[in-house]
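A look at the structure
Chain by chain, the residues:
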Amino acid sequence: MTVRRGVVGLMAGAVVAWGALGGGTAVAADGPAPDSAYSATTGVGLHNAYEKAKYPYFADALDSGAGMLELDVWTNGFGSGWRVSHSNPLGNDNNCENAQHPGELRTKPRNQTLTGCLRDMRTWHDARPGHRPVLVKVELKDGFQARRGRGPADLDALLTSVLGDAVYRPGQLAAGHPTLDDAVRAKGWPSRSELAGKFVVELIPGTVEQGNPADTLWTDREYATHLRDLAAAGRLGEAAAFPAVLGAGAGDPRGRYADPSIRPWFVLFDGDATAYAGGGIDTRWYADRRYLLVMTDAHNVAPAIDGTRPTEAQAKERVALLAGRHASIVSSDWYSLPGVLSTVLPRG
């Protein structure tokens, strides 16, 4: 993809540093205003923010200023509960500590369940009212396991019981409209200021689930079906997460779902940044419809830069480049660059 240097330079100059600890309402004169729609801005995400090699505690990841944090969750593997780990399906390996009040942040044993990670989020949220909107990307490594008490409704119940009003819900987005697609195309997402103090939960299919030939009902389809059925029963308000279409594709990638009735429940898309930046996909299609678009592995876009420790200038230029390609979130492993993680740009 060819990008004019002047455009990149202009966008790089429009960087907004949303405070890691506060509400992020101080905005540069040439940056997006706080009342800009969430879908009209570009933030920066962090891959696998729960890993202790990146942050000693999950509270540190929350304090980083990142616009997206990712958790890997296991539901089966002969283990109990919702486990948070990269490669251990039987136990927990993470920087979450299950803090019950702000004084406990960074003081308790780590390697907690998903409940512990969510409790850290709620405790951090209570200590920082009006914090920046945070997209929480949950990869369900081996998919839902409803028969083991870890299905879509169980996840809704867990998110509701721990995060409460700190989570922004599909029912809030759809209010007054029959589907999520109808809602965002009619009125769009709320403004960043309206989403201050909120977590938006994204669900994607996991790598193990995708590689399991016996699993024919992946996370994305299962949760979208759950949303459709809740809406039909007048209970959409119970839902607490948004399913994502995983994998870049030309046209409308929701066409991959054989059941057309679930397609309007996807307004969030997630895929490899190199595919989106290559010019073969019309990324303006997402922005024009006010869909959210997460671009992962941003460092691999040519010319590739370091995936963990590029220079701040390199990383900011990459964010600006992908903001120009209509990314809502630009994701990599740049945990060492808080000045990049807290960047917010105009989208497009």
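Above: the structure in question.
In what follows, the accompanying structure is described. (Residues numbered from 1 in each chain as written. Predicted model: local features only at pLDDT ≥ 70, side-chain atom pairs only at ≥ 80, totals over all residues. Heavy atoms only, no water.)

**Notes on the packing of helix α4 (residues 152–163) against helix α8 (residues 219–232)**
In contact at an axis separation of 10 Å, α4 and α8 are set at 80° when each is read in the N-to-C sense. Between α4 and α8, the interaxial angle falls into the category roughly perpendicular. Here α4 contributes Pro-152, Ala-153 and Asp-156 to the contact with α8, which in turn contributes Glu-222, Tyr-223, His-226 and Leu-230. (Axes fitted to C-alpha atoms, helices over the stretch in contact; angles between N-to-C directions. Helix = DSSP H or I, 4+ residues; strand = E, 2+ residues; numbered from the N terminus. Parallel < 35°, antiparallel > 145°, perpendicular 65-115°, else oblique. Contact = heavy atoms within 4.5 Å.)

**Re unusual backbone geometry**
Look at the link from Ala-302 to Pro-303: it is a cis peptide, with omega at -5°. Among the structural elements, Pro-303 can be located in the loop between β9 (292–296) and α11 (312–323). We note that Arg-106 has phi near 70°; this positive angle belongs to a residue other than glycine. When you line up the elements, Arg-106 lands in the loop between β4 (83–84) and α3 (114–127). Arg-106 gets classed as partly exposed once you look at its relative accessible area, which sits at 31%. Non-glycine residue Asp-297 carries a positive phi angle of around 50°. The residue Asp-297 is located in the loop between β9 and α11 in this model. A relative accessible area of 34% places Asp-297 in the partly exposed class. (Buried < 20%, exposed > 50% of the residue type's maximum accessible area, 1.4 Å probe, protein only.)

**So, the pattern of salt bridges**
In the structure shown here, the tally under the stated rule is 18 salt bridges. The closest approach of N and O atoms between Arg-128 and Asp-63, which form a salt bridge, is 3.2 Å. Of this pair, Arg-128 sits in the loop between α3 and β5 (134–140) while Asp-63 sits in helix α2 (residues 58–63), placing them 65 residues apart in sequence. Glu-312 is paired through a salt bridge with Lys-316; the nearest N and O atoms lie 3.1 Å apart. Of this pair, Glu-312 and Lys-316 both sit in helix α11, four residues apart, which is roughly one turn of the helix. Judged by its relative accessible area of 24%, Lys-316 is partly exposed. Three or more residues joined by partner-sharing salt bridges are found here, namely Asp-60, Asp-63, Arg-106 and Arg-128. (Salt bridge = Lys/Arg side-chain N within 4 Å of Asp/Glu carboxyl O.)

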